[in-house]
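# A closer look at the structure
The primary structure of each chain is shown beneath.
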Amino acid sequence: MPSTGATILSREEADAAYERAGGPKQVSVLQCACLRPLFTIIRDMTTPHPEFARAARRLMSVLAEEAIAALPSMPKSIETPCGPYEGVCGPAASDVCAVSIVRAGDSLLECVRTVWPEVSVGKILIQRDEETALPKLFYSKMPPSIASKYVLLVDPMLATGGSAVMAIKCLVDAGVPANKILFVNVVATKQGVAAILEAYPEVKIVTASMDEGLNEQAYIVPGLGDYGDRYFGTD
Ligand code: URA
């Protein structure tokens, strides 16, 4: 496993940072019964690539629906064929952009696009700088009107938060208000959440799991290993 230039907090330090940064207010951890069996497949180190990708897609489809439902909505009264129904209505697709942090984020982006194909798309490529061992922005491409949209920023693994903070900066620099950014993620750590919220307290986070912490190589524990490699079969 690669070494990392990132500081790894102890569990106690991460817990304290998470509380200080307002984690309990800004983070929503999904509580769906369907997640545990799917997590059991993708966390299992013996699960081969095709089964990993299939279970991950099922899990991310649920996550995508929940993230879309977490965008601001308005009450909407409709009539069923048999009577009135008090419903809700979220933003139009033209008011939403899904932005992936390449490469692992592309898997989650595709699940968002499967359930909502009309949303516009942006991409951000951040990689580890081999000299500094810190994340570096290599490429970004956003729709021209991104500043007026809600953004679903998607990346399956939130470890130290270095890439996520850099990606959010990229969006804010492009004119997106931080309170219109929803970070959507499969497995998070309190250290990663704290890093995001210390820099951008108004960002909201939806995750399918809050894991225990990080090991010395900045891999999430218990986590599932390298998400991109396991999803794309490059391990
Ligand atoms: N990215 C991954 O793919 N896995 C981790 O555990 C941390 C970051």
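Here, the structure is the one placed above.
Let us look at the structure shown here. As the structure is a computational prediction, the values presented were derived from the model and not from experiment.

## Some remarks on the overall build of the protein chain
- Regarding its fold elements, the protein chain presents 8 helices and 12 strands.
- Relative to its length of 235 residues, the protein chain is compact, with a C-alpha radius of gyration of 18 Å against a globular reference of 18 Å.
- The principal-axis extents of the C-alpha atoms in the protein chain amount to approximately 60 × 40 × 35 Å.
- In the protein chain, which comprises 235 residues, the share counted as buried stands at 39%.
- Partitioning the intrachain contacts of the protein chain with sequence separation of at least 6 by distance along the chain shows that 66% fall at a separation of at least 24.

## Thoughts on helix H7 (residues 190–199)
- Counting buried positions along H7 yields 8 of 10 residues, so the element is predominantly enclosed.
- Along H7, the residues classified as buried are Lys190, Gln191, Gly192, Val193, Ala194, Ala195, Ile196 and Leu197.

## Comments concerning the pairing of strand E3 (residues 83–89)
- Sparse coverage of E3 is indicated by the burial of 0 of its 7 residues.
- With 7 bridges connecting them, strand E2 (residues 74–80) and E3 associate as antiparallel partners. Paired with Lys76 across the bridge in E3 is Gly87.
- Between E2 and E3, which follow one another and run antiparallel, lie 2 residues.

## Looking at the site of the ligand
- The ligand sits among Ala104, Met157, Ala159, Tyr219, Ile220, Gly223, Asp226, Tyr227 and Gly228.
- Of the residues assigned to the shell around the ligand, the class counts are 6 nonpolar, 2 polar and 1 charged.

## Some thoughts on the environment of Ile8
- The topology assignment puts Ile8 in the segment before helix H1 (11–20).
- Overall, Ile8 belongs to the partly exposed group, with 17 C-beta atoms counted inside 10 Å.
- Put simply, Ile8 and Phe52 are 44 residues apart on the chain and 28 Å apart in space, counted from C-alpha to C-alpha.
- With residues up to four places along the chain from it excluded, the contact list for Ile8 reads Leu214, Glu216 and Ala218.

## Focus: the packing of helix H4 (residues 49–69) against helix H5 (residues 105–115)
- One way to put it is that H4 packs onto H5 with a least axis distance of 8 Å and a crossing angle of 60°. As judged from the angle between their axes, H4 and H5 are oblique. H5 is crossed by H4, and the crossing has right-handed handedness. Where H4 abuts H5, its residues Ala56, Arg57, Met60, Ser61, Ala64, Glu65 and Ile68 lie against Ser107, Leu108, Cys111, Val112, Thr114 and Val115.
- In the contact of H4 with H5, the residues fall into 8 nonpolar, 3 polar and 2 charged.

## Concerning helix H6 (residues 162–173)
- The terminal C-alpha atoms of H6, which comprises 12 residues, lie 17 Å apart, in line with the 16 Å expected from a rise of 1.5 Å per residue.
- Within the span of H6, buried status applies to Gly162, Ser163, Ala164, Val165, Ala167, Ile168 and Leu171.
- Gly175, located one to two residues past H6, shows a positive phi value of around 105°.

## Some thoughts on the nonpolar core
- By size, the foremost hydrophobic cluster in this structure holds 65 residues, and its most contacted members are Val151, Leu152, Leu153, Ile168, Leu182, Val184 and Ile196.
- It is H4 that provides the largest number of residues to this core, a total of 8 residues.
- Discounting residues that sit within four places of it in the chain, Ile168 has contacts with Leu153, Ile181, Ile196, Ala199, Tyr200 and Val203.

The rules behind each value
- Residues numbered from 1 in each chain as written.
- Predicted model: local features only at pLDDT ≥ 70, side-chain atom pairs only at ≥ 80, totals over all residues.
- Helix = DSSP H or I, 4+ residues; strand = E, 2+ residues; numbered from the N terminus.
- Rg over C-alpha atoms; globule rule 2.2 N^0.38 Å.
- Buried ≥ 20, exposed ≤ 12 C-beta atoms within 10 Å, placed from the backbone.
- Contact = placed C-beta atoms within 7 Å.
- Pairing = 2+ DSSP bridges.
- Near = placed C-beta within 6 Å.
- Nonpolar A, V, L, I, M, F, W, Y, C, P; charged D, E, K, R; others polar.
- Axes fitted to C-alpha atoms, helices over the stretch in contact; angles between N-to-C directions.
- Parallel < 35°, antiparallel > 145°, perpendicular 65-115°, else oblique.
- Left-handed = near helix turned anticlockwise from the far one by under 90°.
- Expected span 1.5 Å × (residues − 1).
- Core = buried A, V, L, I, M, F, W, Y, C linked by C-beta atoms within 7 Å.

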